[in-house]
Amino acid sequence: MVILQQSLTGRNEDDALELEDIQHFLMSRPPARAARYEFLTFRSAACGRAWLMGLIDKVGTAKAVGSNLVDSRWVTIGFTWNGLQALGVDEVSLATFPEEFRQGMAARAEILGTTGANHPDHWVGSLARPELHAIAILFARDVTERERCRKEHERYLAQCTGVELLSCLDLEALPPFDYAHEHFGYRDRLSQPVIEGTGVELTPGSGPPIKPGEFFLGYPDEDGPAAGMPQPGILSRNGSYVAYLMMKEHVGAFRDFLREHGETPEQQELIAAKLMGRWRSGAPLVLTLDKDDPSLGADFQRNNAFTYADMDPHGYACPLGAHIRRMNPRDTAVNMNRRKMIRRGGTYGPPLPEGRPEDGIERGIAAFVGCASLVRQFEFAMNVWANDPNFHELGNERDPIFGTQDGTFDMTIPKRPVRKKIRGLPAFTTIRGGAYFFLPSIRALRYLASLSGDHRADLNYED
Amino acid sequence: MATPGPARPKESDWTKPAAMAIPKEGYFTLEQGRYGPIFPKTPACHGFSVVAKVKDGREQAVRDYGKSIEEAVKNNPSVLAPLKLHYLRWILFDVGSGLHFMYQGIFDTDFDKYLEDAVALFVKTGITTVFVNLEGWPDDWKTNLSAVIKFFREHQCPSFLEYGEYPYVTADQVKKALKLKAAFANMLDLMQ
């Protein structure tokens, strides 16, 4: 491969994105309606590396996935810090990774605000355990293809003694398939940053293109040239961090809440819109305050074309604490270009049909947030935007959809002449698991697979 | 050892002056923020007191910097708005152990939560340029955000007592109250 002939530091003179070396995951979204996440542990470095070596050629690169849509499955591989250690990365190199990644998501629960029912003590799938070493993410065109790939990987794993499946999660898009939405019925994937140099067309209101270094290590970011990258450079360059979150959605509780606070279907829709900041169709409240406008929600030339400071400073349309106003405060926060993240993921569990009571079946969203700095991007969003009760000086509120709710926080809906305040908001979601992964470049995957020695063979995670 | 602190009422009463004694650590119970312990909101809001020794022969450079910040705010009065400030004070003092610099701020946002925004603003407005005259300031401050954050964290001296005559009131609330007063005064004028 041409790429291997470059120097080990791997720098390109012109800082053009090395699409053949970057995993596709954060760069392009393939047309997948099914997915499977497999969480793995390595009993020895040698078996972990052997497993990896056999999979590298199946990992989709940004170049291949961007140009070739005849594929029907797309593979991504990531490692926890414990996983890098388990593969035999030496201590000097391991120490150069940022502290939050070294600690892992579970250890940062207090910072993230994942407390109470959201605490790692309650997480499923061994995600809070140090034995979690790797994730294999599979996106597939449909369920049939997903199942074919599942069996194929099952057979491969059976040959890889010492690589074990800790847990897995199957995901499927919710019908109708003509637009992406989650279990509460909100249209999803409306606002994504555009990476400079990718040629992706900007839609109105989505902000300027963001420097690649905000998402991929080794490139200039919004603050200037890359600095402080983990070493050696071949391991970190073209890599990204992703924060994984599995979030159960309490659809029954959500619908009960809407009925409790709205007498008519129209009033219930308005309450749903006020929690989110958009109507469930995706139409933003700032652009259509009084009634839903599904054509606006579906129109990407218009559904992001709004600001808050000028168009809705007091939150009469979109409440100051609504989900989208917290997760993307647009012109009411500073340094927004340093807080951007790329979201990937999907829904799991069957839909709860309208009119049915809560059936107790697990359903929700399992998603990844990609960035170059977990502490500056993802952890800021969790710590400040989602879970700071005093965000925008609200005093006692958290994100109504995504924040950690325990019935003690409120939701203020500005309204003339007097605001409406909902006391004791219930939890509509519960975090069921999460982890920090590093998505290495293709070159770094080969580097990891070719490490020598087996000094991490007897990993001991006893507390 | 941090001790349990007084529970702060969710709806605070600004009519009742309040004082709060704070343990040596600067907090009552350890609550981790992204970059270190979270310091509590007190009757005097949030704040920091960053103290560091001035490098030999740099006193005039530090004093001259006062003028540059005065200019920066005059040219753009809202330049420091993102910090949600009440007051900032810059002090030079020598109590026998050499010249020291103190940068004290009272503001409404949590020190830990908006550190990156504050540092970005310090760089943009030139506030950081005064810090190159201080001992311990990282040489690579322009490219090493985490080293700058570490400097602020390590040189922050938490208060052991804070008092508020109108406790927990934010700068925004003060400004809104003054705007209302002005609006009422204007209304009364129009009624004459």
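Up top you'll find the structure we're talking about.
Residues numbered from 1 in each chain as written. Chains lettered and ligands numbered in written order. Predicted model: local features only at pLDDT ≥ 70, side-chain atom pairs only at ≥ 80, totals over all residues. Heavy atoms only, no water.

1. A short note on the pairing of strand E5 (residues 161-164) of chain B
All names here are of chain B. Definition in use: With a 1.4 Å probe rolled over the protein chains alone, any residue whose accessible area is under 20% of its type maximum counts as buried; one over 50% counts as exposed, and the rest are partly exposed. Per the convention used, a helix needs a DSSP run of H or I reaching at least four residues, while a strand needs a run of E reaching at least two, with both numbered from the N terminus. Paired strands, as defined in this entry, are two strands with at least two bridges between them according to DSSP.
Burial along E5 is one-sided: the face carrying Glu 162 and Gly 164 is buried and the face carrying Leu 161 and Tyr 163 is not. When strand E1 (residues 18-21) meets E5, the two strands line up antiparallel, connected through four bridges. Opposite Ala 18, over in E5, you have Gly 164 as the bridge partner.

2. What about the nonpolar core?
All names here are of chain A. Quick note on the threshold: As used here, the term nonpolar core means buried Ala, Val, Leu, Ile, Met, Phe, Trp, Tyr and Cys residues forming a set that is joined through side-chain atoms within 4.5 Å. Throughout, a contact is declared for two residues whenever any of their heavy atoms are within 4.5 Å.
Counting 62 residues, the largest nonpolar core has Trp 51, Leu 52, Ile 77, Phe 79, Phe 101, Phe 378 and Leu 448 as its most contacted members. When residues in this core are grouped by element, the largest group, eight residues, is from helix H13 (residues 374-386). When residues no more than four places from it in sequence are discounted, the contact partners of Leu 448 are Arg 49, Leu 52, Phe 79, Leu 84, Leu 87, Val 89, Leu 235 and Pro 440. Counting 34 residues, the second-largest nonpolar core is a separate cluster that includes Leu 169, Ile 210, Ala 435 and Phe 437.

3. Some thoughts on the sheet that holds strand E2 (residues 46-53) of chain B
All names here are of chain B. Stated formally: With axes taken as lines fitted to C-alpha atoms, and helix axes fitted only over the stretch in contact, angles between N-to-C directions fall between 0 and 180 degrees.
Strand order in the open sheet made by the three strands is E2-E4-E3, with antiparallel pairing throughout. A single partner strand is all that each edge strand has here, and the edge strands are E2 and strand E3 (85-93). The mean inter-strand angle of the sheet, taken between neighbouring strand axes irrespective of direction, is 10 degrees. Alignment of E3 against strand E4 (residues 100-107), held across eight bridges, turns out to be antiparallel. Looking across to E4, one finds that Ile 91 is bridged to Met 102. Sheet strands in contact with helix H1 (residues 59-75) are E3 and E4, and its direction is about 155 degrees off that of E3.

4. Describing the environment of Gly 355 of chain A
Inspection of the secondary structure assignment puts Gly 355 of chain A in the loop between strand E6 (342-348) and strand E7 (364-371). Distance from Gly 355 of chain A to Gly 205 of chain A, taken between C-alpha atoms, is 36 Å for residues 150 residues apart in sequence.

5. Considering unusual backbone geometry
Looking along the chain, the bond that leaves Pro 175 of chain A and enters Pro 176 of chain A is cis, with omega of -5 degrees. For Pro 176 of chain A, the location among the structural elements is in the loop between strand E4 (163-172) and helix H8 (233-236). With an omega of -5 degrees, the peptide bond running from Gln 231 of chain A to Pro 232 of chain A counts as cis. Note on placement: Pro 232 of chain A falls in the loop between E4 and H8. A positive phi angle, near 55 degrees, is found at Lys 84 of chain B, a position not held by glycine. Overall, the relative accessible area of 34% leaves Lys 84 of chain B in the partly exposed class. The backbone of Tyr 168 of chain B shows a phi angle near 65 degrees, a positive value even though the residue is not glycine.

That's the geometry; what it means functionally is another story.
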